[in-house]
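Reading the structure
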Amino acid sequence: MSSLNKNTLIKSLLFYLPLFLLFLSVLNEIDFNYLKIEYFSFNFAHILIFYWTLKNPRYLNYGSIFLAGIVNDVVISMPIGLSSFCYLLICAVTAYLRNITIKPNFINDWISFLFTILLVNSIQVISLDIIFLTEVNYMRYLINSGFTFILYPVFVFLFNILEKKIAIQKND
Amino acid sequence: MASSRDDFVIAIRSAFLKKSYQQKFSLLTLIFLSLVVIILGSFNFKAIQYIKIGVNEVIYRSSFIVSIPENYFNDLNIKIKEHLSFYDQYKKNEIELKKLKEKKLSNDFLILENNKLRELINETIQSKDVYAKVLVDKDSPYLKSIVLNKGSKDNVKIGMAIVDKSYLVGKIIEVNYTSSRALLLSDLNSKIPVLLEPIDIHAVLSGTGKNYGVIEYTKDEYKQKLNNDKIIVYTSGYGGLFKPGLPVGKIITNNLNKDDEVNFFSDFRQLDYVKIVAYEIGSGN
């Protein structure tokens, strides 16, 4: 009986891990800035949302993604709602990709990811610069997108392991 | 051709409108909701402001708690580096201390003289200090700012100066009930009036989004004088926000791209406690 309860607990914990990671990343802004590497930054939330909503949107529901965007805006002091809009655009792209893909392929996903982050960051930069009249460092955004794109396979590898574990727990 | 267009439309419609996989809201509803939030956020209605303050308070405190492990690693990293350079730093400090002791004697005299001269022209500078802890100091590529644990409850107001030891760090841009956000001098949107000494030239110090600032809107002759002097940047007091004479940084001439960088005296990545200061400059006139 206790083993059954333990299994259910682990199953729930693993299932909600992507959501937990998303809120952790927006509240903490995981940026490794203490390493003091000039220009190094990447958007962990973009990788996380793209991967998990593409894989299966059950792990990250859209309402939570919307809330995470609001939290992100408050933490990094952007106009409230902008990150939510960008995160939901990523979800829209992944939903479209899911609908048109018959056999998933990593390279296709990676290229789609590049297109998505460039689109999302362009919308963010343009709206900040033109609508909200905030001076933005375009180069920083570009470098951020570059590192996010490069680091995508590393996180895919880690998330695949996690996804397998969740699937095993689900089958148990 | 028509069939492929139909497929595209079906895929798009399905992506935006379908409420699959236990989703409570469709994607389109949430996208519209975020657009509504963006539009409402840009209005200055009282109700929206109160909601914003409430949301900020909760999220800032949560962010502080969530950031504790990362901050611990940050502190550990700094401590290890300090231990490694302990002896070299001690030797440097010893030499610097000797020089500073010599300078202090003449400075004490200048301070007394300055106070007497201010009394003669009936000018007084009074300041109200509030000490604050830095709750969140996320070095994001978008904004260089810090969140402090003092707000309107402690009489913090927009525009107040943020000082680390005696060095200017930034100014308050957002005030909530028990917290506030300060824009750092290194942010792209930060612009403050400064005085370059000893060449006595007024200028504007702009942030760059990096860990240094640049000098803007000044006389061309300052470039010629730059090679000869070691230039210190102080606040000029123009605009009335900051007291004149607050040290900000020193100019480092960069020969490679001809941009003169202002190296800030305070390390913005290591701020734990800061002083929020409001200055009242009184004049006999």
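Values in this document were obtained by computation on a predicted structure and should not be read as measured data. (Residues numbered from 1 in each chain as written. Chains lettered and ligands numbered in written order. Predicted model: local features only at pLDDT ≥ 70, side-chain atom pairs only at ≥ 80, totals over all residues.)

Some remarks on the overall build of chain B
Spelled out, the test is: Here a strand is any run of E in DSSP of at least two residues, a helix any run of H or I of at least four, and the numbering for each starts at the N terminus. Three exposure classes are used, based on other C-beta atoms lying within 10 Å of a residue's own C-beta, which is placed from the backbone: buried for 20 or more, exposed for 12 or fewer, and partly exposed in between. We call two residues in contact when the distance between their C-beta atoms, placed using the backbone, is within 7 Å.
Regarding its fold elements, chain B presents six helices and twelve strands. Looking at chain B as a whole, 27% of its 285 residues are labelled buried. Restricting the contact set of chain B to residue pairs at least 6 apart, pairs at least 24 apart contribute 55%.

Quick word on the overall build of chain A
Check the secondary structure of chain A and you find six helices and zero strands. The secondary structure elements of chain A, listed N-terminal to C-terminal, are α-α-α-α-α-α. In chain A, buried positions account for 40% of the 172 residues.

Re the pairing of strand β2 (residues 145–148) of chain B
Residues and elements named next belong to chain B. Condition: Two strands pair under a simple rule: DSSP has to find at least two bridges between them.
Here β2 shows two buried faces, one formed by S145 and V147 and the other by I146 and L148. Bridge count for β2 against strand β5 (residues 180–184) is four bridges, and the pairing is antiparallel. Bridging from a neighbouring strand, L148 pairs with S180 of β5.

A short note on the interface of chain A and chain B
Heads up, the condition is: In this count, Pro and Cys sit with the nonpolar residues alongside Ala, Val, Leu, Ile, Met, Phe, Trp and Tyr, while Asp, Glu, Lys and Arg are called charged and the others, Gly among them, polar.
Facing 41 residues of chain A, the contacting portion of chain B comprises 45 residues. Listed by contribution, the elements that provide at least two residues to the side of chain A that touches chain B are α1 (2–28), α3 (62–75), α4 (82–100) and α6 (138–171) of chain A. Tallied by class, residues from the side of chain A that touches chain B come to 23 nonpolar, 13 polar and five charged.

Looking at the domain arrangement of chain B
Inclusion rule: Residue ranges for the domains originate in an automatic or database domain assignment.
Domain boundaries assigned for chain B yield domain 1 (25–63), domain 2 (67–120) and domain 3 (128–285). Facing the five residues of domain 1 of chain B at the interface are seven residues of domain 3 of chain B.

Structural notes on unusual backbone geometry
Residues and elements named next belong to chain B. Residue N155 is not a glycine yet carries a positive backbone phi of 65 degrees. Position of N155 relative to the elements: it lies in the loop between β2 and β3 (161–164). We classify N155 as partly exposed; it has 13 C-beta atoms within 10 Å.

Comments concerning the confidence of the model for chain B
Put simply, the test is: Scored from 0 to 100, pLDDT records how confident the predictor is in each individual residue.
Mean pLDDT over chain B works out to 79, with 82% of the residues at or above the 70 mark. Taken over the whole predicted complex, pTM reads 0.74, whereas the ipTM for its chain interfaces reads 0.81.

Concerning the nonpolar core
Here is the rule we go by: Note on terminology: a nonpolar core is a set of buried residues of type Ala, Val, Leu, Ile, Met, Phe, Trp, Tyr or Cys, with members joined through C-beta atoms within 7 Å.
Counting residues in hydrophobic clusters, the biggest one holds 85 residues, and the most contacted among them are I49, I65, L88 and C91 of chain A together with L148, L205 and V248 of chain B. It is α4 of chain A that contributes the most residues to this core, eleven residues altogether. Shared between two domains, this core takes at least three residues from each, and those domains are domain 1 (25–63) and domain 3 (128–285) of chain B. Beyond its immediate chain neighbours, meaning those up to four positions away, I49 of chain A contacts L22, L60, I65, Y87, I90 and C91 of chain A.

Some thoughts on helix α2 (residues 27–41) of chain B
Residues and elements named next belong to chain B. The test is simple: An expected span of 1.5 Å times one less than the residue number is assigned to each helix. To be clear, the arc concerns the directions from the helix axis to the C-beta atoms.
Helix length check: α2 (15 residues) gives 21 Å between terminal C-alpha atoms against 21 Å at 1.5 Å per residue, within 8%. Residues of α2 that are buried include every one of L27, L30, I31, S34, V37 and I38, and no others. The arc that holds every buried residue of α2, seen down its axis, measures 115 degrees, which confines them to one face. Seen from the buried face of α2, the exposed residues on the opposite side, beyond 90 degrees, are V36 and I39.

Description of the confidence of the model for chain A
When the pLDDT values of chain A are averaged, the result is 83; 88% of them are 70 or greater. Within chain A, the element-level pLDDT minimum falls on α1 of chain A, averaging 78, and the maximum on helix α2 (residues 44–55) of chain A, averaging 90.

A closer look at the packing of α3 of chain A against α2 of chain B
Put simply, the test is: Interaxial angle, 0 to 180 degrees, is taken between N-to-C directions of lines fitted to C-alpha atoms, where a helix line uses only the stretch in contact. We call two directions roughly parallel when the angle between them is under 35 degrees, roughly antiparallel when it is over 145, roughly perpendicular when it lies between 65 and 115, and oblique otherwise. Handedness of a crossing is defined here by the sense of rotation of the near helix relative to the far one, left-handed for an anticlockwise turn of less than a right angle and right-handed for a clockwise turn.
Running from N to C, α3 of chain A and α2 of chain B cross one another at 15 degrees; their axes reach a closest spacing of 10 Å. As the angle between them shows, α3 of chain A and α2 of chain B are arranged roughly parallel. Where α3 of chain A crosses over α2 of chain B, the two elements pack in a sense that is right-handed. Across from Y62, G63, F66 and G69 of chain A in α3 of chain A, the residues of α2 of chain B making contact are L27, L30, L33 and S34 of chain B. For the contact of α3 of chain A with α2 of chain B, the per-class residue count stands at five nonpolar, three polar and no charged.

Overview of the environment of I173 of chain B
Residues and elements named next belong to chain B. In this fold, I173 is placed in strand β4 (residues 167–175). When the C-alpha atoms of I173 and Y60 are compared, they prove to be 15 Å apart, with 113 residues separating the residues in sequence. Once you skip the residues sitting within four places of it in the chain, I173 turns out to touch I158, R181, A182 and L183.

A look at the packing of α3 of chain A against helix α3 (residues 46–66) of chain B
Where α3 of chain A meets α3 of chain B, the axes come as close as 10 Å, and the angle between the chain directions of the two elements is 85 degrees. One way to sum up the angle between α3 of chain A and α3 of chain B is to call them roughly perpendicular. Contact residues: V71, V74 and V75 of chain A in α3 of chain A; V55, N56, I59 and S63 of chain B in α3 of chain B. Looking at side-chain class alone, the contact of α3 of chain A with α3 of chain B contains five nonpolar, two polar and no charged residues.

What about helix α5 (residues 86–120) of chain B?
Residue and element names in this part refer to chain B. Where we set the bar: To get the bend at a residue, fit one axis to the 7 residues ending there and another to the 7 starting there, then take the angle between the axes.
With 35 residues, α5 ought to run about 51 Å at 1.5 Å a step, and its terminal C-alpha atoms sit 48 Å apart, in line with that. K104 marks where α5 bends most, by close to 30 degrees. The element α5 is barely covered by neighbouring structure, given that only zero of its 35 residues are classed as buried. Positive backbone phi, approximately 60 degrees, marks N122, located one or two places after α5.

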